[in-house]
Amino acid sequence: MIKALEEMGLRPSIFVGASAGAIVSATYGQGIPLDDLIDSYRLPWKRKHSVPRLHGNAFFGLPRLRDLIDPGYLLSGVFSIDRLEKLLRDWLPQNDFRRIPATVLVTACDVDGHGRVVFGKGHRDDVPVSSAVAASCCVPGLFRPYRIGNEYFLDGEVVRTLSADLAVEAGADVVVVSNIYRPMVSKTDQRSVARKGAVRVLNQSLSILLSEKERRGLELYHRMHPGVTFLNVSPDIGHIGFLNRFAARQLLLRGYRSAMHELIAAKARGVFAARDEPRGDVRTN
């Protein structure tokens with residue numbers, strides 16, 4: 001989607017992200033080139049740049065000593081996400097929200113029931129960017145909740161699939177939403193998802209839940225902000241798992257084509273006509 005935006009001369013100035021979207025917002029949102037991000041997912045023999053690799057080892061860490069003496073916390077998830085925080089701390093040009101020229105906002109969920117927490121300018125900007133992103137990426141059950149001070153956080157999408165309201169509050173008049181959670185629609189002559197194992201059923205259930213939350217969220221935003229244009233780029237990735245690095249090129253092409261289709265249609269409607277240099281375009285995940 002970012003590739004399509006770049007090719008059409010659209011340069012976002014506001015970035016809102018949760019989970020994987022938080023990684024993209026915190027990196028591309030402060031000037032890390034797009035091809036560096038793509039390179040971090042390429043297979044080793046296809047890499048072009050000396051940038052960190054975003055693969056399994058970057059996420060799945062062992063518990064720290066203080067975790068071992070707290071059995072309740074130790075059992076709250078399978079892995080620690082501290083390794084991702086360290087990778088980002090070493091990679092990011094700026095690890096301080098207040099020093100990033102663009103508006104970068106990252107959302108997470110307070111595990112103790114205090115709702116959505118927003119990190120970034122105008123919100124909680126005293127937390128390092130790397131820590132905020134690690135908190136936003138904590139998938140429940142897979143990772144132990146990420147600790148910042150005396151608070152614990154989970155994946156930002158637990159609270160809201162979209163946080164486009166933050167982009168509008170930051171001044172956006174065009175919001176581009178990127179989401180890959182799409183349930184597979186089986187044809188009548190195909191075998192049901194129910195016959196493909198527990199993992200496929202779980203993935204399908206998650207996709208149905210999140211795509212429905214997205215649909216209802218966008219409907220609400222359209223009613224609440226009639227003066228804002230919301231563009232939805234949601235590619236159909238079919239049976240391909242979005243964590244499948246061997247299919248990265250195919251996944252990227254699907255996202256690129258979906259984005260070009262949506263952006264070209266928006267341009268034909270005059271959405272970008274009044275902007276020599278679009279400043280209100282926003283990317284949210």
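All chains use their own residue numbering, which begins from 1 and follows the written sequence. In view of the model being predicted, local features appear only for residues whose pLDDT reaches at least 70, and side-chain atom pairs are presented and counted only at 80 or more, with totals across whole chains, interfaces and linings using the full set of residues. No hydrogens and no water enter the side-chain calculation; it runs on all heavy atoms of the structure.

Q: Give me the overall build of the chain: which residues, what numbers.
A: Per the secondary structure count, the chain includes ten helices and ten strands. In terms of overall dimensions, the chain has C-alpha extents of about 60 × 55 × 45 Å along its principal axes. Remark: exposure states derive from per-residue accessible area (1.4 Å probe, protein chains only) relative to the maximum for the residue type, with buried under 20%, exposed over 50%, and partly exposed in between. Per-residue burial over the chain gives 47% buried out of 285 residues. We call two residues in contact when some of their heavy atoms are within 4.5 Å. Here the analysis covers contacts within the chain between residues at least 6 apart in sequence; of these, 69% occur between residues at least 24 apart. Each accessible area is a Shrake-Rupley estimate made with a 1.4 Å probe; only the visible protein chains count as cover when residues are assessed. Carbon and sulfur atoms provide 55% of the accessible area of the chain, an area that totals close to 14,800 Å². For the chain, the separation between the mean place of its 39 positive charges and that of its 30 negative charges on side chains is 7 Å. Helix and strand assignments follow DSSP, with helices taken as H or I runs no shorter than four residues and strands as E runs no shorter than two, numbered in order from the N terminus. Positive charges come from Lys and Arg, negative ones from Asp and Glu, while His and the chain ends are left out of the count. By convention, the charge on Lys lies at NZ, on Arg at CZ, on Asp at CG and on Glu at CD.

Q: Tell me about helix α10 (residues 248-268), and please be specific about residues and values.
A: How far a helix is expected to stretch is found by multiplying one less than its residue total by 1.5 Å. Here α10 is 21 residues long and its end C-alpha atoms lie 30 Å apart, about the 30 Å a rise of 1.5 Å per residue gives. Within the sequence span of α10, burial applies to Ala-248, Leu-251, Gly-255, Ala-259, Met-260, Leu-263 and Ala-266. Across the axial projection of α10, the buried residues extend over an arc of 165°, all falling on one side. What points out from α10, more than 90 degrees from its buried face, is the exposed set Arg-249, Arg-257, His-261 and Ala-268. Buried residues along α10 sit in contact with α1 (2-7) and β9 (229-233). Taking the helix axis as origin, the arc is that swept by the directions to the C-beta atoms.

Keep in mind that these numbers describe shape and distance, not what the molecule does.
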